[in-house]
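Here is how the chains run, residue by residue.
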Amino acid sequence: MKVYLDNSATTAVDKEVLDAMLPYFCEIYGNPSSLHAFGRNAQKAVDEARAKIASILGAKASEIYFTSGATESNNWALKGAIRASKNAKKHMITSAIEHPAIMDTCHELEKEGVEVTYIKVNHEGIVNPEDIRAAIREDTVLISIMTANNEMGAIQPIAEIGKIARDEGILFHTDAVQAIESQPINVDNMNIDMLSLSAHKFHGPKGIGILYIRSGVRLDKLIHGGHQERRQRAGTTNTPLIVGMAKALEICARDRDRNNRHMSELRDYFIDRVLNEVPYSYLNGGREKRLPNNVNMSFGFIEGESILMTLDLKGIAVSSGSACSSGSLEPSHVILALGVREELAHSSIRFSLGRDTTKEEIDYTIETLKETVDRLRGMSPLFNVEKGTGSYV
Ligand SMILES: *Cc1c(COP(=O)(O)O)cnc(C)c1O
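Procedures and definitions
- Residues numbered from 1 in each chain as written.
- Predicted model: local features only at pLDDT ≥ 70, side-chain atom pairs only at ≥ 80, totals over all residues.
- Heavy atoms only, no water.
- Buried < 20%, exposed > 50% of the residue type's maximum accessible area, 1.4 Å probe, protein only.
- Helix = DSSP H or I, 4+ residues; strand = E, 2+ residues; numbered from the N terminus.
- Pairing = 2+ DSSP bridges.
- Patch = residues over 30% accessible without salt bridge, like charges linked within 9 Å, V, L, I, M, F, W, Y side chains within 5 Å.
- Areas by Shrake-Rupley, 256 points an atom, 1.4 Å probe, with all protein chains shown as cover.
- Salt bridge = Lys/Arg side-chain N within 4 Å of Asp/Glu carboxyl O.
- Axes fitted to C-alpha atoms, helices over the stretch in contact; angles between N-to-C directions.
- Parallel < 35°, antiparallel > 145°, perpendicular 65-115°, else oblique.
- Left-handed = near helix turned anticlockwise from the far one by under 90°.
- Contact = heavy atoms within 4.5 Å.
- Nonpolar A, V, L, I, M, F, W, Y, C, P; charged D, E, K, R; others polar.

So, on to the pairing of strand E3 (residues 91-95). Within E3, five of the five residues are buried, which leaves the element mostly enclosed by the surrounding structure. Alternating residues of E3 divide into His91, Ile93 and Ser95 and Met92 and Thr94, and every residue in both groups is buried. With five bridges connecting them, E3 and strand E4 (residues 115-119) associate as parallel partners. Paired with Ile93 across the two strands is Thr117, which belongs to E4. Summarising the sheet, E3 and strand E5 (residues 140-144) pair through four bridges and their orientation is parallel. Its bridge partner being in E5, His91 is matched across the sheet by Thr140.

Listed below in structure tokens is the structure:
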């Protein structure tokens with residue numbers, strides 16, 4: 001059996017999305033910036049896609065900018081807002097659990113003299129909006145808090161944070177990549193000034209994303225060149241990927257309730273069974289305010305990487321830490337931020353379900369996980385098989 005439980009790393013392109021994209025590779029392939037009919041036909045598809053995306057987010061079409069993905073969108077939002085600010089000193093606020101596309105950008109900005117406050121989360125992974133209010137200073141330019149976390153699925157109080165930012169007259173950006181499939185987002189109701197998306201996280205193609213920028217918000221450019229995207233983001237307009245992303249977002253909104261019900265039922269069944277049937281298993285993050293597709297658990301006395309590799313041999317794809325930090329032996333900054341101790345952070349595994357995940361796949365995964373954990377504990381110097389208990393030295 002092949003079981004893909006790594007949908008937070010990337011998803012399969014939906015068949016409907018692929019069908020929508022296909023005409024724009026070999027038939028309607030003109031450059032949308034060209035003035036002839038080939039170009040105009042492509043431009044029409046891009047205009048329609050932009051309008052569709054805008055209406056789903058409660059935005060205006062002129063506020064949607066296409067990028068190469070959320071990494072670029074996050075870089076643009078942060079660097080663009082900070083560099084456009086005329087403050088003598090510049091401060092920004094983010095959380096301790098952001099994706100590397102935010103974290104690493106903040107570290108770059110710190111090298112330029114920007115001061116960054118990293119707001120801590122509670123043991124369920126949630127930011128307290130009052131902590132953000134308390135961190136605001138005279139020179140605060142920007143607040144950037146992700147809508148939902150990619151590793152343990154915590155959903156943040158974005159509307160409350162947006163309101164604080166608006167009351168204080170500070171720009172508010174959110175990385176909504178992981179949230180958009182399951183959480184309806186309206187940029188006006190939530191007082192969002194900038195929002196990042198990446199299509200491949202919601203069954204669209206890789207290499208295309210969005211930065212929503214509220215009209216009136218001034219950002220320095222990140223990518224210089226041609227006049228595309230109202231002169232704000234250069235580079236030839238990628239018609240097929242844009243069309244695919246719009247289709248994928250439309251499907252998310254259309255099927256959201258049904259998919260959420262399906263995934264959250266499987267998620268809860270998975271968590272309950274593992275907690276009951278695998279000794280020394282722990283859920284990372286809270287059960288409320290959790291993405292319907294996210295299960296992140298630690299397994300005492302064994303390494304996450306060993307679990308991942310053993311499951312892989314059995315056809316099951318999961319992730320340890322975030323996809324971006326695996327390969328390094330540092331425990332995940334997100335799991336550590338929950339207050340999980342280092343040994344258990346090292347043994348964390350993310351199972352990210354998809355809209356097509358089945359109960360049979362989850363049952364197979366649970367049975368395989370039980371065998372795997374038993375076998376690895378049998379080889380672990382930290383675990384006493386006879387007594388069925390372990391200890392960290
Ligand atoms: C995947 C991801 C990104 C980066 O998206 P790319 O497609 O790699 O640019 C940013 N933020 C979050 C929360 C993500 O999960």
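Judged by side-chain polarity, Val13, Leu18, Leu22 and Phe25 come together as a nonpolar surface patch covering roughly 330 Å² of accessible area. The residue Leu22 is located in the loop between helix H1 (15-21) and helix H2 (23-26) in this model.

Let us now look at the packing of helix H3 (residues 37-57) against helix H8 (residues 239-277). Where H3 contacts H8, the axes come no closer than 9 Å and their chain directions differ by 30°. As far as their axial angle goes, H8 and H3 are roughly parallel. Of the two elements, H3 crosses H8, and the hand of that crossing is left-handed. Of H8, the residues touching H3 (which contributes Ala42, Ala45, Val46, Ala49, Lys52, Ile53 and Ile56) are Thr239, Ile242, Val243, Met245, Ala246, Leu249, Glu250 and Ala253. Per-class residue counts for the contact of H3 with H8 are 12 nonpolar, one polar and two charged.

Strands sit in the order E9-E10-E12 across an open sheet of three strands; the sheet is antiparallel. Of all the strands in the sheet, the pair left with one neighbour each is strand E9 (281-283) and strand E12 (348-352). If you compare each strand with its neighbour and ignore which way they point, the axes differ by 30° on average. In this structure, strand E10 (residues 294-299) lies alongside E12, joined through five bridges in antiparallel fashion. What sits directly across from Val295, in E12, is Phe351. Contacts from helix H9 (residues 304-313) reach E10 and E12 within the one sheet, and its direction differs from that of E12 by about 40°.

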